Structures are given as C-alpha cells and as structure tokens.
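Structural overview for review
Listed here are the chains, written in short residue letters.
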Amino acid sequence: MEKVALITERLVLRAPTDADAAAIEAACQDPAIPRWTTVPSPYARKDADDFVRLVDEWWASGVETVWAIFAEDRLVGMIGLHDIARHHAGGHAEIGFWAGREARGRGYMTEAARAVVDWGFSELRLARIAWRAVAGNVPSARTARALGFRYEGLQRQALTSPRGRDDGWFAGLLPDDDRSPVDWPVL
Ligand SMILES: CC(C)(COP(=O)(O)OP(=O)(O)OC[C@H]1O[C@@H](n2cnc3c(N)ncnc32)[C@H](O)[C@@H]1OP(=O)(O)O)[C@@H](O)C(=O)NCCC(=O)NCCS
C-alpha cells in the first residue's frame, strides 16, 4: 500500500521517518506508554529506529498503517490501524495510539483518531474497527467513546504485552454507527 498523509484542523498525520526516531525515543520514556501499550521498556534509540523500519514494511504489505502525529511540526503522538484483514464482506482492523505526555488532554488524539477512522472506513472499506485496552485505561477508553465506539465487554487476561497478561476492555465501531458518544458501563 502507498503511504498516505492525513490532514486535520490542527494536525498532520504521516508515516514516521528516520528523522523522527529521536522524538519517538524521547516520548516513549514516559512510563505511561509502556504501562498501557505493548511498547518495550526500557525504550532505546534502536527501538525507535527498528519501529520506523517496521512501519515502512507494514505500509508496504498493507497489514498495518501507522502515522506519526504532528502539531505545529512537533511530534505529539503515534496512531495506527493494526492487523488489517481484508474480506469480501469488508475488512477489519484495530486502532491503537499513544500521545506524548505534554501533548495530552488537548483533544489531539480524538482529532487524529477521527481522521484515521474515517480513512479506514472510506479508503480501506473496513466493516469494523476494533479498540482494546488494558482494563482501567480510562483516558484511552474516553478517547474511543468520544469517537463513537461501543463498549463490548471485558475479557479476562485476554491481553499480552512484554509485561505479562492483563484483563482487556473491548469496543468496536461500524461504518454506519452514529458517532455521537454513548454510555460505557465502565466509565
Ligand atoms: C489515551 C491517550 C492517547 C489520550 O490522548 P489525548 O490526546 O490526551 O486524548 P484527548 O485529549 O483527545 O482526550 C480524549 C478523551 O480522554 C479524556 N482524557 C484525556 N486525559 C485524561 C485523563 N488523564 N484522565 C481521564 N480522562 C482523560 C478526555 O477528557 C477525552 O474524553 P472526553 O471527550 O470524554 O472528555 C493518552 O492519554 C496516552 O497516550 N496515554 C498513554 C498511552 C495509552 O494509554 N495509549 C492507549 C493504549 S489502548
């Protein structure tokens, strides 16, 4: 797949390059990122370099589409559609993201994720986008809820990361869902 950039009101989303590795390394020093994602910890420059190279491969194979998020030319986060599966009845994928510590709470991730979700439904013709998080990740769940995701339940010890296993919260969004936030029983 050809890499695609997405532009929103305040943000530019484009695939990360080697020139972004230092900013990625710096952002991933925040313990909240490995706490709630599968990002390795400790996080070294080599992890960022490897990640950028993998992102190239993922775009080329079409299995994942990953964008670095920029506000005023500063890298403020990362977002992607993962495990993209094609199917004649429409494909599916899972959304994942992190924001740098200083960039949080400004609505950046909601804005970026809305563009990614729209792109996934229109360009990849996805029939479903899934979201999952370690149970208790309220900021991530609120981001997904703000986008219109419906909470679908908790699965015990369903998630794995380099740190071990965790209970998972699961949610999903379909192309025709009303995007207005609905109540989530865990929030
Ligand atoms: C989850 C994360 C990406 C949210 O990014 P963000 O740019 O701060 O998100 P936004 O500013 O767009 O806010 C999205 C929602 O989260 C809420 N939120 C943000 N920070 C919060 C916090 N610390 N506590 C509670 N809610 C929070 C916002 O109020 C908003 O919800 P609302 O629309 O119901 O008010 C960010 O907190 C993060 O990177 N966390 C660490 C990594 C992570 O958990 N990634 C997700 C793994 S599943």
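It should be noted that the structure appears before, not after, this text.
Below: a short report on this structure. It should be emphasised that the depicted structure is a prediction, and the values quoted were computed from it without experimental measurement. (Residues numbered from 1 in each chain as written. Predicted model: local features only at pLDDT ≥ 70, side-chain atom pairs only at ≥ 80, totals over all residues.)

The subject of this paragraph is the site of the ligand. Within the structure, the ligand sits among 22 residues, and Trp36, Arg104, Met109, Thr110 and Arg142 are positioned closest to it. Elements that contribute at least two residues to the shell around the ligand include exactly helix H2 (32-36), strand S5 (91-99), helix H4 (108-122) and helix H5 (138-147). Looking at the shell around the ligand residue by residue, the class counts come to 12 nonpolar, seven polar and three charged. (Near = placed C-beta within 6 Å. Helix = DSSP H or I, 4+ residues; strand = E, 2+ residues; numbered from the N terminus. Nonpolar A, V, L, I, M, F, W, Y, C, P; charged D, E, K, R; others polar.)

For the rest of this paragraph, the subject is unusual backbone geometry. Here the bond from Ser41 into Pro42 is cis, since omega is 0 degrees, no more than 30 degrees from zero. If you trace the backbone, Pro42 turns up in the loop between H2 and helix H3 (45-61). One non-glycine residue, Glu72, adopts positive backbone phi at about 45 degrees. By the secondary structure assignment, Glu72 is in the loop between strand S3 (65-71) and strand S4 (74-85).

Glancing now at the pairing of strand S6 (residues 126-134). Here S5 pairs with S6 via four bridges, running parallel. Residue pairing across strands places Glu94 opposite Ala130, the latter belonging to S6. Once the chain exits S5 it traverses H4 before rejoining the sheet at S6, and the crossover so formed is right-handed. Two strands pair when backbone bridges link them, and S6 and strand S8 (residues 164-173) are joined in this way by six bridges, in the antiparallel orientation. Opposite Ile129, over in S8, you have Leu173 as the bridge partner. (Pairing = 2+ DSSP bridges. Right-handed = clockwise from strand over helix to strand, strands pointing away.)

Our next topic: the nonpolar core. Across soluble globular proteins, nonpolar side chains have a tendency to be buried as a group. Membership of the largest hydrophobic core comes to 42 residues, with the highest contact counts inside it found for Ile69, Ile79, Ile95, Ala112 and Ala113. Not counting residues within four places of it along the chain, the set of residues in contact with Ala112 comprises Thr8, Leu11, Leu13, Ile69, Gly77 and Ile79. (Core = buried A, V, L, I, M, F, W, Y, C linked by C-beta atoms within 7 Å. Buried ≥ 20, exposed ≤ 12 C-beta atoms within 10 Å, placed from the backbone. Contact = placed C-beta atoms within 7 Å.)

Our next topic: the sheet that holds strand S1 (residues 6-7). Reading across from one edge, S1-S2-S3-S4-S5-S6-S8-S7 is the order of the eight strands in this open sheet, with mixed pairing throughout. Here the strands that pair on one side only, and so sit at the sheet edges, are S1 and strand S7 (150-161). As paired elements, S1 and strand S2 (residues 11-14) share two bridges and run antiparallel to each other. Looking across to S2, one finds that Leu6 is bridged to Leu13. H4 contacts S1, S2, S3, S4, S5, S6 and S8 of the sheet and is inclined by roughly 30 degrees relative to S4. (Axes fitted to C-alpha atoms, helices over the stretch in contact; angles between N-to-C directions.)

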